[in-house]
Amino acid sequence: MDNYTVTFVYNGDFDLPDNQEECYAKVPEMVLDKLRNKDFELVDFNFSKNYSEEQAGFYIADPSLHRCVLEIVTALSLKHLQSRDAIYDKCMNDLAEGSLYLGCAYENDNPNMDMLQSIIKFVNDSQKAVCLPATPAGKK
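Notes on the structure follow. (Residues numbered from 1 in each chain as written. Predicted model: local features only at pLDDT ≥ 70, side-chain atom pairs only at ≥ 80, totals over all residues. Heavy atoms only, no water.)

1. Quick notes on the pairing of strand E3 (residues 68-76)
How we decide: Partly exposed residues are those whose accessible area sits between 20% and 50% of the maximum for their type, while under 20% is buried and over 50% is exposed, using a 1.4 Å probe and protein chains only. In DSSP terms, a helix is any run of H or I states spanning at least four residues, a strand is any run of E spanning at least two, and both are numbered starting from the N terminus. What makes two strands pair is DSSP finding at least two bridges between them.
Counting buried residues in E3 gives nine out of nine residues, a clear majority hidden from the surface. Burial along E3 is two-sided: the residues Cys68, Leu70, Ile72, Thr74 and Leu76 and Val69, Glu71, Val73 and Ala75 are all buried. As judged from the nine bridges shared by strand E1 (residues 2-10) and E3, these two strands associate in the antiparallel manner. Of the residues in E3, the one forming a bridge with Thr7 is Glu71. Pairing of E3 with strand E5 (residues 115-124), which is carried by five bridges, proceeds in the parallel orientation. Its bridge partner lying in E5, Cys68 is registered against Ser118.

2. A few points about unusual backbone geometry
With a phi close to 60°, Lys38 is a non-glycine residue in the positive phi region. For Lys38, the position within the fold is in the loop between helix H1 (20-36) and strand E2 (41-47). Lys38 gets classed as partly exposed once you look at its relative accessible area, which sits at 45%.

3. Examining the environment of Asp94
Note the following rule: We call two residues in contact when some of their heavy atoms are within 4.5 Å.
Residue position: Asp94 is located in helix H3 (residues 84-97). The exposure class of Asp94 is buried, given its relative accessible area of 8%. Along the sequence, Asp94 and Ala75 sit 19 residues apart, while their C-alpha atoms lie 9.6 Å from each other. In contact with Asp94, not counting residues within four places along its chain, are Thr74, Ser99 and Leu100.

Here it is, written out as structure tokens:
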């Protein structure tokens, strides 16, 4: 199985706790609840070796649609790649089973829209948790 980066978006409010320790303690369950309720929309998945850390910027470029961007790095087999539902379920099950680790969680302050956007990344144990602040597409 190869690692893929699966990208989800959520269009509702998703406020991260301000305290970093509290954030890392609470965010996994917050995300899992939203995944179980199918509140997150799976919008993209890419072979991780070809994945650009700037990808989240494409999804935060339109904050009226994407208030939260979630990236999950996990191993997917051909069985999982048969359907979007199978990919979604694999990510949700990996998080529920504790085989994913919170790599980063932060708020992107978008002054143009006067709002915060949550950027969250989970990784599996074969990935290093690298999280670069997302920049909206077209901005540097």
